[in-house]
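# Architecture at a glance
If you want the building blocks of each chain, they are given just below.
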Amino acid sequence: MSKRVIPLIDQRSYVPREGLIRSHAELEPFVNSNGLLADRLGRPLHDLRISVTDRCNFRCSYCMPKEVFDKDYAYLPHSSLLSFEEITRVARLFAAHGVRKIRLTGGEPLLRKNLEVLIEQLAALRTVDGLPLDLTLTTNGSLLARKAQALKAAGLNRVTVSLDGLDDAVFRRMNDVDFPVADVLAGIEAARAAGLGQDGTGAGLKVNMVVKRGTNEQEILPMVRHFKGTGIVLRFIEYMDVGATNGWRMDEVLPSADVVKLIHAKHPLIQLDPTVAGETAERWGFADAAGRHDKAAGEIGVISSVTQAFCQDCNRARLSTEGKLYLCLFATQGHDLRSLIRTDASDADIESAIGHIWQGRSDRYSELRSTMGPDTTTLAPGQRRVEMSYIGG
Ligand code: SAM
Ligand code: SF4
Ligand code: SF4
């Protein structure tokens, strides 16, 4: 295996503390045809991802490599984290700007103590149309068997579980903390039993598999066989060049087109329409003998963040554990909302700041990737990408 290039200092210590909120006069008002907020490329704000902790009990090499995230690593102190009340307040103001979906993430979100209390508070919020938010969570599944019932009772609608293979040895190597695959599978079952899927049935629960060429591509077909016909939607994610510590290389990316081809040869697939605009995953249904979608067999998804940019529909904002607003997964700097929240800013001030930040957004990293060079470790401090464990996936 080739040697990874690991920088000595993690990006997050470089994020400037003063934030980047620009003066209101600098930005023109942008709204889309519905009269709702839009960014400079006309994209609405629909989806807010909130990282509730920068800690994790796994050390997936593509996200938190052990060599960097070791026992001496300086995680954020508790006082830096947004409190549940602060998160709920900001989430309410985002909802006023059109956000309909909130995804809790991390680090490992289920490590945040009393997370159910936050979920209860978020479940009480309403969209601009007076509807409950679509409240979901991404987890490595390690604590799900214990927590699924309480999460559902608190008002969580759905979960997405990350699982990179079924073979125990492969899985233990990928999480790099020797965590057994059986415990994650038990977590998925508990989530299904608790009704953490679409329509509260447990069907439509999602499982995300990051595919790294040379590491776990042999797990693709066993994963398909395992989840086909269960109602659980398995999605394959291209290994991405997020952050500055995972030593990403293009030759370790297995393009989604190859994943689809491999599956199609054994389990014929037909492409399905997207369910909502801005959906990151391309949907493929298992075909019946007549070539039609066999709904009982279900579907898979592929997320081609590297080989097929979907920036033009990207309606996602990300709030870091310490309250910085990031406009792109590949951003190098965030806008410091916490300093606004912790001064005496009114709701109107914060709402206006969020609006102006979104209106100034022109990020489209994936579309520009080929012009930017892959090796983030060679970039100057302050220009490196933020880590995914800090802003969440
Ligand atoms: N710990 C939780 C988990 O693993 O589901 C939530 C946070 S994790 C950062 C969110 C998602 O990002 C996971 O599905 C993970 O597989 C994905 N991810 C992390 N690093 C990635 C990378 N380099 N390329 C593609 N996906 C990545
Ligand atoms: Fe932890 Fe999730 Fe990152 Fe893996 S992908 S190290 S489980 S935060
Ligand atoms: Fe959205 Fe940035 Fe990803 Fe493009 S690269 S889809 S703008 S998060």
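These numbers come from a predicted model, not from an experiment.

What follows is about the nonpolar core. Formed by 108 residues in total, the largest nonpolar core has its most connected members in Phe94, Ile102, Leu104, Phe236 and Ile263. The biggest single contributor to this core is helix α1 (residues 84–96), with 7 residues. Among all residues touching Leu104, those that are not within four sequence positions of it are Ile50, Val52, Pro109, Leu115, Leu118, Ile119, Leu122, Thr136, Leu137 and Thr138.

Direction vectors running N to C along helix α3 (residues 144–154) and helix α5 (residues 181–194) enclose 20°, while the axes themselves pass 8 Å from each other. For the element pair α3 / α5, the angle class is roughly parallel. For the pair α3 and α5, the crossing hand works out as right-handed. Every residue of α5 that contacts α3 at Leu144, Ala145, Ala148, Gln149 and Lys152 is listed here: Ala186, Gly187, Ile188, Ala190, Ala191 and Ala194. Residues belonging to the contact of α3 with α5 are distributed by class as follows: 8 nonpolar, 2 polar and 1 charged.

Of note, Val306 is situated in the loop between β9 (299–303) and β10 (316–319). Taking C-alpha positions, Val306 is 6.6 Å from Ser366, a pair spaced 60 residues apart along the chain. The residues contacting Val306, other than those within four sequence positions of it, are Glu238, Tyr239, Met240, Trp248, Met250, Val253 and Arg369.

Around ligand 2, the surrounding shell consists of Cys56, Phe58, Cys60, Tyr62, Cys63, Met64, Gly107 and Asn140. Of the residues that constitute the shell around ligand 2, the class distribution is 6 nonpolar, 2 polar and no charged.

Looking now at the packing of α1 against helix α2 (residues 115–123). Where α1 meets α2, the closest approach of the two axes is 10 Å, and the angle between their N-to-C directions is 25°. Classified by the angle between their axes, α1 and α2 sit roughly parallel to one another. Read as a crossing pair, α1 and α2 show a hand that is right-handed. Where α1 approaches α2, its residues Phe84, Glu85, Ile87, Thr88 and Ala91 are matched on the opposing element by Leu115, Val117, Leu118, Gln121 and Leu122. In the contact of α1 with α2, the residues fall into 7 nonpolar, 2 polar and 1 charged.

With 86% of its residues at a pLDDT of 70 or more, the protein shows a mean pLDDT of 88. With pLDDT under 50 throughout, residues 1–29 is counted as low confidence; its partners more than four residues away or in other chains account for 67 contacts.

Here Ser256 is to be found in helix α7 (residues 256–266). Contact partners of Ser256, with chain neighbours within four places excluded, come to Glu238, Val302, Ile303, Ser304 and Thr307.

All chains considered together, the criterion is met by 5 aromatic pairs. Of the aromatic side chains, those joined through ring pairs into one cluster are Phe58, Phe171 and Phe179. The side chain of Lys228 reaches across the aromatic face of Phe286, ending 4.8 Å from its centre.

Along the polypeptide, Asn140 turns up in the loop between β3 (134–139) and α3. At 3.0 Å, the side chain of Asn140 and the side chain of Asn57 are in polar contact. In this structure the side chain of Asn140 is engaged in a polar contact, spanning 2.7 Å, whose partner is the side chain of Ser142.

Looking now at the site of ligand 3. Cys311, Cys314, Cys328, Leu329 and Ser366 are the nearest of the 13 residues found near ligand 3. Looking at the shell around ligand 3, the elements with two or more residues in it are β10 and α10 (365–372). Taken together, the residues of the shell around ligand 3 break down into 7 nonpolar, 1 polar and 5 charged.

Turning next to unusual backbone geometry. A positive phi angle is found at Asp176, which is not glycine, with a value near 60°. With respect to the element layout, Asp176 can be found in the loop between α4 (168–175) and α5. A relative accessible area of 28% means that Asp176 is categorised as partly exposed. One non-glycine residue with positive phi stands out, namely Asp178, at about 65°.

All right, on to helix α9 (residues 347–359) then. Taking 1.5 Å of rise per residue, the 13 residues of α9 would be expected to cover 18 Å, and the 18 Å separating its terminal C-alpha atoms lies within 8% of that figure. Of the residues making up α9, those classed as buried are Ile350, Ala353, Ile354, Gly355, His356, Ile357, Trp358 and Gln359. Looking at the buried side of α9, the elements it contacts are α1, β10, β11 (324–326), β12 (335–336) and α8 (338–341).

Across the 6 residues that make up β3, a large majority, 5, are buried. Summarising the sheet, strand β2 (residues 101–105) and β3 pair through 4 bridges and their orientation is parallel. From the neighbouring strand, Arg103 faces β3, where its bridge partner is Thr136. For the handedness criterion, the β-α-β arrangement of β2, α2 and β3 is classed as right-handed. Bridge analysis of β3 against strand β4 (residues 158–162) gives 4 bridges, and the strand direction is parallel. Note on β4: the bridge partner recorded for Thr138 is Thr160.

Parameters and conventions
Residues numbered from 1 in each chain as written. Chains lettered and ligands numbered in written order. Predicted model: local features only at pLDDT ≥ 70, side-chain atom pairs only at ≥ 80, totals over all residues. Heavy atoms only, no water. Core = buried A, V, L, I, M, F, W, Y, C linked by side-chain atoms within 4.5 Å. Buried < 20%, exposed > 50% of the residue type's maximum accessible area, 1.4 Å probe, protein only. Helix = DSSP H or I, 4+ residues; strand = E, 2+ residues; numbered from the N terminus. Contact = heavy atoms within 4.5 Å. Axes fitted to C-alpha atoms, helices over the stretch in contact; angles between N-to-C directions. Parallel < 35°, antiparallel > 145°, perpendicular 65-115°, else oblique. Left-handed = near helix turned anticlockwise from the far one by under 90°. Nonpolar A, V, L, I, M, F, W, Y, C, P; charged D, E, K, R; others polar. Near = heavy atom within 4 Å. pLDDT = per-residue confidence, 0-100. Phe/Tyr/Trp six-rings, centres within 6.5 Å; stacked < 30°, edge-to-face > 60°. Lys NZ or Arg CZ within 6 Å of the ring centre and 35° of its normal. Polar contact = N/O pair within 3.5 Å; in protein donor to acceptor, adjacent residues only side chain to side chain. Expected span 1.5 Å × (residues − 1). Pairing = 2+ DSSP bridges. Right-handed = clockwise from strand over helix to strand, strands pointing away.

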